[in-house]
Amino acid sequence: MMNMTQQQYSRFENGVFELNYQQILSLCQIYEISPNELFNID
């Protein structure tokens, strides 16, 4: 769903890899939330 390899996902979970803008938007679409909700911005 995120168009990431298992290695990228593992690196993300371990704090070695950060999501880019497109991946953040994909995550928001998956969970049906806005980027503001994801980052807890009022």
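Residues numbered from 1 in each chain as written. Predicted model: local features only at pLDDT ≥ 70, side-chain atom pairs only at ≥ 80, totals over all residues. Heavy atoms only, no water.

As a volume, the largest pocket reaches approximately 180 Å³. Lining the largest pocket we find M1, M2, N3, M4, Y9, F12, L19, L27, I30 and Y31. Contributing elements (two or more residues each) for the lining of the largest pocket: α1 (6–13) and α2 (21–31). The element best represented in the lining of the largest pocket is α2, accounting for three residues. Grouping the constituent residues of the lining of the largest pocket by class yields nine nonpolar, one polar and no charged. (1 Å grid on protein atoms, 1.4 Å probe; cavity = no way out; pocket = protein on both sides within 12 Å on 5 of 7 lines; lining within 4 Å. Points joined across faces, edges and corners; volume = space filled by probe spheres on them. Helix = DSSP H or I, 4+ residues; strand = E, 2+ residues; numbered from the N terminus. Nonpolar A, V, L, I, M, F, W, Y, C, P; charged D, E, K, R; others polar.)

For the rest of this paragraph, the subject is a nonpolar patch on the surface. A cluster of nonpolar residues, L38, F39 and I41, forms a patch on the protein surface that exposes about 280 Å² of accessible area. Counting through the fold element by element, F39 comes out in the segment after α3 (35–38). (Patch = residues over 30% accessible without salt bridge, like charges linked within 9 Å, V, L, I, M, F, W, Y side chains within 5 Å. Areas by Shrake-Rupley, 256 points an atom, 1.4 Å probe, with all protein chains shown as cover. Salt bridge = Lys/Arg side-chain N within 4 Å of Asp/Glu carboxyl O.)

Turning to the environment of I24, a few remarks are in order. Of note, I24 is situated in helix α2. For I24 and L38, which are 14 residues apart along the polypeptide, the C-alpha to C-alpha distance reads 8.9 Å. Excluding residues that lie within four positions of it along the chain, I24 makes contacts with L19, L38 and F39. (Contact = heavy atoms within 4.5 Å.)

Another aspect to go through is unusual backbone geometry. Non-glycine residue N3 carries a positive phi angle of around 55°. We note that N40 has phi near 55°; this positive angle belongs to a residue other than glycine.

For the rest of this paragraph, the subject is the confidence of the model for the protein chain. Residues shown with low pLDDT carry predicted positions that ought not to be read at fine detail. On average, residues of the protein chain score 91 in pLDDT, and 100% of them reach the 70 mark or higher. Mean pLDDT values for the elements of the protein chain range from 90 in α1 up to 93 in α3. (pLDDT = per-residue confidence, 0-100.)

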